[in-house]
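# Notes for the structure review
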Amino acid sequence: MPKRVDHDERRTEIGRALVRVAARRGLHAVGMRDVAAEAGISLRLVQYYFQTKENLLLHGLQQLTEEFGKRVTARVRAAGENPGPRAVVEALLTTSLPTDEESRAFHLVLTSYALLAVTDEALAAQPYLQRPDAAEDAVTGLLEQAREAGPLTSGTDARTEAITLLALAAGLGTSVLTGQRTPESATEVLRHQLNRIFRPAAAD
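Everything quoted here is computed from the prediction, not taken from an experiment.

Analysis parameters
- Residues numbered from 1 in each chain as written.
- Predicted model: local features only at pLDDT ≥ 70, side-chain atom pairs only at ≥ 80, totals over all residues.
- Heavy atoms only, no water.
- Helix = DSSP H or I, 4+ residues; strand = E, 2+ residues; numbered from the N terminus.
- Buried < 20%, exposed > 50% of the residue type's maximum accessible area, 1.4 Å probe, protein only.
- Areas by Shrake-Rupley, 256 points an atom, 1.4 Å probe, with all protein chains shown as cover.
- Lys, Arg positive; Asp, Glu negative; His and termini not counted.
- Charge placed at Lys NZ, Arg CZ, Asp CG, Glu CD.
- Phe/Tyr/Trp six-rings, centres within 6.5 Å; stacked < 30°, edge-to-face > 60°.

Check the secondary structure of the protein chain and you find ten helices and zero strands. Along its sequence from the N terminus, the protein chain presents helices and strands in the succession α-α-α-α-α-α-α-α-α-α. By its C-alpha atoms, the protein chain is 60 × 40 × 30 Å across when sized along the principal axes. When each of the 204 residues of the protein chain is scored for burial, the buried share is 37%. Summed over all atoms, the accessible surface of the protein chain reaches about 11,600 Å², with 51% contributed by carbon and sulfur. Measuring between centres, the 24 positive side-chain charges of the protein chain sit 5 Å from its 26 negative side-chain charges.

Dropping the structure here:
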């Protein structure tokens, strides 16, 4: 009896192969044939599941984002039963720093995708890039919760601070990748910024 194929699992395997190749060579240099070779399957099978390179790239990005979300959730849970907005924001920001193989791939591929979409109309039209403010909205919401509960310093604008924190994390991530600073020093910079906008009692 022929073995049943789990199509979702196969798509996941192909997506992970894409991320591995992109992390090594850069997203711009990745072709469907490269992904097929990395996954140990035929080019025809990759084409069967994704039809076009744009569809494959979008799937890889979505999968990468979902796995990032799982890592953030795990870090939040490790902070205790009721971590509060500060711990959740810190978990999101520090998880995005390239401190291990997974987070390094996340930072590289996410940045490469955004840059590639600047000159590729097919990628720019993908639904993912039509919601570029999802992370900004999430952090803004957490900061607004903190403001209502009291630990945020007075006069703090939640939206502006969310933009600042995310831009800082992205820039620090690149500086870690290039060897300008260590993951530990980048984490300290993020915590310094969080300590500035959260009251001391919430910074413990």
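Still more to cover.
Here the distance between the centres and the angle between the planes together describe a pair of aromatic rings. Considering all chains together, one arrives at two aromatic pairs under this definition. Judged by centre distance (5.1 Å) and plane angle (80°), the ring pair of Tyr-48 and Tyr-49 falls under edge-to-face. When its relative accessible area of 9% is taken as the criterion, Tyr-49 is described as buried. A ring pair is formed by Phe-68 and Phe-106, whose centres lie 4.3 Å apart and whose planes are at 10°; its orientation type is stacked.

In short, geometric facts, not functional conclusions.
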